[in-house]
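Each chain is listed here by its residues.
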Amino acid sequence: MAFVGSVPGVKVRNGGRGSGCRRWVMAEKSAVAEKGKGTAKDVFLDTLLEIRQPVSPLAESLREKGESALRLATPPGGKTEEWRFTNINELYKQAFVAPESSQPDGSTAGYFSDEASIRVLFTNGAFSEELSDDLTSLEGVKIGRLGDFSSDEVERVLRVTMGKTTGTEKGGFFAQLNAACSTDVFVISVGDDVVVDKPVQLVFGSSQGPDAEAFVVSHPRIVVLTGRSSSVSVVEHHTSASPSFTNVCTSASVGDNSKLNYSVINESKEETYQISTVQLDAGRDSTASLLSVGAGGQFSRTTASVDLVDTGSHGEVLGLGLSKDRRIVDLTSDIIHSSPHCTSNQLQKNIATDRSRTIFRGKVIVTSKGKGTESEQLCRSLLLSKRATVDAIPSLEIDTDDVKCSHGATVADLEEEQIFYITARGLTTEQARFLLMRSFVEEVLNVCHGL
């Protein structure tokens, strides 16, 4: 086992205007780029802003704030610290198209879970009411778009979704881009003293665009609100089978003495790019838990922030990164102890093979108000190929005394001695390796929040 990272020892456009009106821009072949008037990043941003869909009147303030932030923003690259280990340049070179159809490509059929309380389908980022379960079937839970809520509720939703990591000030480029391109906000609101026994499943699929090589773009925005003494699990499940770029932002406010389990699971096919930004705020004596599973797509990144905003709250971040071929899987997270006597735990497991790359950047931040903090952080990785790469960077940032914090990271291959032990009992080498890898990830898979 070797320590790595900061641990000592290691280092298209489819304008969609009018019936049948279609205009395409290939980012790498744009006339702007050809004339030297803009880089691929400039064309990427211009294209995505030009093909965005009409916005709901209730979400206009969100879009305006996103547009304002983007005027000063630059798409991240290798010189951006938060993206230093994550090569996103291939995304900027792709062709993009606005969604034209609300019909899924069939990739979602096998992903609806019988264990879910409600199953909600999104096609190209848009809520598909006719293909989803009845949203009114859970007593004490209100689910829908902004137009389904009162003016006071909408005001609270916008206040939550425009703050912190998923907002436009500290959220980074892709949160700002989401705000500038979002068409609506999908809301899950759980009342006081309501316990939802089975998870709410949000399934994201895509439909094939007119050009098989163009990436269909969507910018879903989700808000989860829980009242006092309530409990709910929400699973954000990405299953696209056709070329797509999904840039989703989720904000959650967890009420006092409540519990929220939120999962981001990516099982999309190879020709997809998926970026999720998640902000969870935990109230007094509450628990905010995030599970991130990157197992699909050409590029998968979750940027997460769990803020323990009141006394006695607990935060948990569990992650699993599975990469093969030339895929990139990235979890970048902050757990922020903003109040006294809070606890947190983070466990990340990675498996990388072929020429793929997994990245873990996890930071625990203890502010001057975080006295009595207890926090543990660990990243364990299996590196199964000489050409694969694992970047593990756990870190602590502490601005007070009276804390108990630990962090660490390990990287190793499968143990030959363990493989020999299993094969000596009649199994093949391939079966032995599978069992060892399954055992390695079991600790994370056991908490897949009900699915």
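None of these values were measured; they are calculated from a predicted model.

The rules behind the values
Numbering of residues starts from 1 in each chain and follows the order in which that chain's sequence is written. The predicted origin of the model limits local features to residues at a pLDDT of at least 70 and limits the giving and counting of side-chain atom pairs to 80 or more, whereas totals for whole chains, interfaces and linings rest on all residues. As a rule here, side-chain values come from all non-hydrogen atoms in the structure, and water together with hydrogens is ignored. For two strands to be treated as a pair, DSSP must find no fewer than two bridges joining them. Runs of E in the DSSP output that reach at least two residues are strands. Runs of H or I that reach at least four are helices, and both are numbered from the N terminus. The contact criterion used is simple: two residues touch if any of their non-hydrogen atoms lie within 4.5 Å. Each axis is a line fitted through C-alpha atoms, and for a helix only the stretch in contact is used; angles between axes span 0 to 180 degrees, taken between their N-to-C directions. Pairs of N or O atoms within 3.5 Å make up the polar contacts considered here, provided that, within protein, one atom can donate a hydrogen while the other can accept it, and that residues adjacent in sequence are counted only when both atoms are side-chain atoms. Every definition here rests on a 1 Å grid over the protein atoms only: cavities are sets of points where a 1.4 Å probe fits but cannot get out, pockets are open sets enclosed by protein on both sides within 12 Å along at least five of seven lines, and lining residues have some atom within 4 Å of a point. Grid points are joined across faces, edges and corners, and a volume is the space filled by probe spheres set on the points. In this classification, Asp, Glu, Lys and Arg are treated as charged, Ala, Val, Leu, Ile, Met, Phe, Trp, Tyr, Cys and Pro as nonpolar, and every other residue, Gly included, as polar. Every case where a carboxyl oxygen of Asp or Glu lies within 4 Å of a side-chain nitrogen of Lys or Arg is listed as a salt bridge. Throughout, exposure labels follow a simple rule: accessible area from a 1.4 Å probe, protein chains only, divided by the maximum for the residue type, with under 20% read as buried, over 50% as exposed, and the rest as partly exposed. The definition of a nonpolar core used throughout is a set of buried Ala, Val, Leu, Ile, Met, Phe, Trp, Tyr and Cys residues joined through side-chain atoms within 4.5 Å. Only the six-membered ring of Trp is used, alongside the rings of Phe and Tyr, when aromatic pairs are assigned; centres must lie within 6.5 Å, and planes under 30 degrees apart are stacked while those over 60 apart are edge-to-face, with the rest tilted. In a helix, the anticipated span is given by 1.5 Å times the number of residues less one. Given a residue, its bend is the angle between the two axes fitted to the seven residues that end at it and to the seven that start from it.

Student: How should I be thinking about the sheet that holds strand E7 (residues 200-205) in this particular structure?
Tutor: Working definition: the strands of a sheet are paired by backbone hydrogen bonds and lie parallel or antiparallel to each other. Sheet architecture is open: 10 strands sit in the order E4-E3-E7-E10-E12-E14-E16-E18-E20-E22, paired in mixed fashion. The open sheet has two edge strands with one neighbour each: strand E4 (126-127) and strand E22 (404-412). With eight bridges joining them, strand E14 (residues 287-294) and strand E16 (residues 314-323) adopt parallel strand pairing. Across the sheet, the residue bridging to Ser289 is Glu316, located in E16. Helix H8 (residues 429-445) rests against E14, E16, strand E18 (343-352) and strand E20 (374-383) of the sheet, and its axis sits at about 150° to E18.

Student: Hey, could you run me through the side chain of Ser240 in this one?
Tutor: Tracing the backbone shows Ser240 in the loop between strand E10 (231-238) and strand E11 (244-254). Polar side-chain contacts of Ser240 include one of 3.4 Å to the side chain of Ser206.

Student: Would you explain the layout of surface pockets in this entry?
Tutor: The probe, sized like a water molecule, is rolled over the atoms to show the empty space still left. By volume, the second largest pocket is sized at about 450 Å³. The residue makeup of the lining of the second largest pocket, split by class, is 14 nonpolar, 10 polar and four charged.

Student: Help me understand the pattern of salt bridges in this model?
Tutor: Should the charged atoms of two oppositely charged side chains come close, the side chains can pair. For the coordinates displayed, the defined rule picks out 16 salt bridges. Notably, a salt bridge pairs Asp330 with Arg301, separated by 2.8 Å at the nearest N-O pair. With Asp330 in strand E17 (residues 328-337) and Arg301 in strand E15 (residues 299-308), this pair connects stretches of sequence that are 29 residues apart. Accessibility classification places Asp330 together with Arg301 in one group, the buried group. The shortest N-O distance in the salt bridge between Glu397 and Lys363 comes to 3.5 Å. Taken as a pair, Glu397 in strand E21 (residues 389-398) and Lys363 in strand E19 (residues 357-366) lie far apart in primary sequence, 34 residues in all.

Student: Can you help me understand the nonpolar core in this one?
Tutor: Note that soluble globular proteins tend to have their nonpolar side chains buried in a common cluster. Among the nonpolar cores identified, the biggest contains 42 residues, and Phe186, Ile188, Leu202, Val234, Tyr262 and Leu280 are the most heavily contacted of them. Of all hydrophobic cores here, the second largest spans 27 residues; its members include Leu91, Ala98, Leu177 and Ile393.

Student: Where do I start with the packing of aromatic side chains in this structure?
Tutor: Here the distance between the centres and the angle between the planes together describe a pair of aromatic rings. Under the criterion given, the structure shown has 15 aromatic pairs. Arranged with centres 6.5 Å apart and planes meeting at 55°, the rings of Phe96 and Phe215 form a pair that is tilted. Of this pair, Phe96 sits in strand E2 (residues 95-97) while Phe215 sits in strand E8 (residues 215-218), placing them 119 residues apart in sequence. Since its relative accessible area comes to 1%, Phe96 is described here as buried. Between the aromatic rings of Phe122 and Phe127, the centroid separation amounts to 6.2 Å while the plane-to-plane angle is 55°, which identifies the pairing as tilted. Residue Phe122 is classed as buried on the basis of its relative accessible area of 3%.

Student: Sorry if this is basic, but what is going on with H8 here?
Tutor: Each full turn of the α-helix corresponds to 3.6 residues, which orients residues three or four apart in the same direction. Spanning 17 residues, H8 covers 23 Å between terminal C-alpha atoms, matching the ideal 24 Å at 1.5 Å per step. Residue Ser439 marks the point of greatest curvature in H8, where the axis turns by about 30°. All of the buried residues in H8 are Ala432, Leu436, Phe440, Val441 and Val444.

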